[in-house]
Amino acid sequence: NAGVMQNPRHLVRRRGQEARLRCSPMKGHSHVYWYRQLPEEGLKFMVYLQKENIIDESGMPKERFSAEFPKEGPSILRIQQVVRGDSAAYFCASSPGADRNQYFGPGTRLTVT
Amino acid sequence: KNEVEQSPQNLTAQEGEFITINCSYSVGISALHWLQQHPGGGIVSLFMLSSGKKKHGRLIATINIQEKHSSLHITASHPRDSAVYICAGEYLGNEKLTFGTGTRLTIIP
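The sections below set out a description of the structure shown in this document. (Residues numbered from 1 in each chain as written. Chains lettered and ligands numbered in written order. Predicted model: local features only at pLDDT ≥ 70, side-chain atom pairs only at ≥ 80, totals over all residues. Heavy atoms only, no water.)

A word on the sheet that holds strand β6 (residues 52–56) of chain B
Through backbone hydrogen bonds, the strands of a sheet pair up, either in parallel or in antiparallel fashion. Residue and element names in this part refer to chain B. Where we set the bar: Should DSSP find at least two bridges between two strands, the strands are regarded as paired. Helix and strand assignments follow DSSP, with helices taken as H or I runs no shorter than four residues and strands as E runs no shorter than two, numbered in order from the N terminus. Only the stretch in contact is used when a helix axis is fitted, and all axes are lines through C-alpha atoms; the angle between N-to-C directions ranges over 0 to 180 degrees.
Strands sit in the order β1-β3-β8-β7-β6 across an open sheet of five strands; the sheet is antiparallel. The sheet is open, and its two edges are formed by β1 (4–7) and β6, each paired on a single side. On average, each strand axis in the sheet is tilted by 15° relative to the strand beside it, whichever way the strands run. Relative to strand β3 (residues 19–25), β1 runs antiparallel, the two being bridged by four bridges. In the sheet register, S7 faces β3, and the bridge partner there is N22.

Brief notes about the interface of chain B and chain A
The condition that has to hold: Pairs of residues are marked as contacts when any of their non-hydrogen atoms sit within 4.5 Å. Buried surface area refers to the total accessible area, computed with a probe of radius 1.4 Å, that the two partners give up upon joining, counted for both partners together. Take a side-chain nitrogen of Lys or Arg and a carboxyl oxygen of Asp or Glu: if they are within 4 Å of each other, that pair is a salt bridge. In protein, a polar contact requires one atom able to donate a hydrogen and another able to accept it; more generally it is a pair of N or O atoms within 3.5 Å, and residues adjacent in sequence count only if both atoms are side-chain atoms. For this classification, the nonpolar set comprises Ala, Val, Leu, Ile, Met, Phe, Trp, Tyr, Cys and Pro, the charged set comprises Asp, Glu, Lys and Arg, and every other residue, Gly included, is treated as polar.
Facing 16 residues of chain B, the contacting portion of chain A comprises 20 residues. Carbon and sulfur atoms make up 53% of the surface buried where chain B meets chain A, a total of about 1,500 Å² over both sides. By the criterion of area lost to chain A, the three top residues of chain B are B:I43, B:E95 and B:F99, representing 40% of everything that side buries. The interface formed by chain B and chain A holds zero salt bridges in total. Counting across the interface, chain B meets chain A through four residue pairs in polar contact (both at pLDDT 80 or more). Mapped onto the side of chain B that touches chain A, the elements with two or more residues apiece are β4 (29–37), β5 (43–49), β9 (83–91) and β10 (97–99) of chain B. Looking at the side of chain B that touches chain A, its residues break down into six nonpolar, seven polar and three charged.

Concerning the state of the cysteines
Let me state the cut-off plainly: Counting rule for disulfides: a pair of cysteine sulfur atoms within 2.5 Å. Per-residue accessibility, obtained with a 1.4 Å probe over protein chains only, is compared with the maximum for each type, and a residue is labelled buried under 20%, exposed over 50%, and partly exposed between these values.
For the coordinates displayed, the defined rule picks out two disulfides over all chains. The residue that forms a disulfide with A:C23 is A:C92, at a sulfur-sulfur distance of 1.8 Å. Judged by the sign of its S-S torsion, about 70°, the bond between A:C23 and A:C92 is right-handed. With A:C23 in strand β3 (residues 19–24) and A:C92 in strand β9 (residues 88–95), this residue pair connects regions lying 69 residues apart in the sequence. Each of the two residues, A:C23 as well as A:C92, counts as buried. Here B:C23 engages in a disulfide with B:C87; their sulfurs sit 2.0 Å apart. Its torsion about the S-S bond being 80°, the disulfide of B:C23 and B:C87 is classed as right-handed. One end of the pair, B:C23, is in strand β3; the other, B:C87, is in strand β9, and 64 residues separate them in sequence. Here B:C23 and B:C87 have matching classes, each one buried.

Next comes the structure, spelled out in structure tokens:
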């Protein structure tokens, strides 16, 4: 059973471009969480999704950020018109359900130049 | 104010020493997670506990619900244990994790 997959592992974007980060949860996991780690800072929750539904997006910036977890395929975190402050490591985690452990992916390191 | 507080922020010890990292949290927590972040950045989930004590190899995690406190212990520490250890609270009715600021552990050979 493969672990949580994220791609790309490293992504470089110029200011104003779009960034798409993908997360494939572990097999059988229907809950996906996205977290962001800014340079020299701790992890912060962004969004929690179940298949086709956003359950909690209280940690998402109000503009430019969106997330989806379609019925088929990976979860996508999309950042439009990226700015330098978006440079961070973005981790996703998956779990099989409520009150179950979360398994983390390797992260995507986004650099905005 | 962060709802999850860790101490110490940095810890350096000699190989073989017994290590303790502390975590305190606010009310309403349903589970407490301990994570390890390697120097390369990857995150590994070590423990998820809501009561008592769990052990895996040289790692032991305990939680005291009344005192709202958890500890992570490492016995016979080794340089490969050098990493950032993060505790995170999962609050009642809410699956998202609230993270502590992490403890950077360095084990010197």
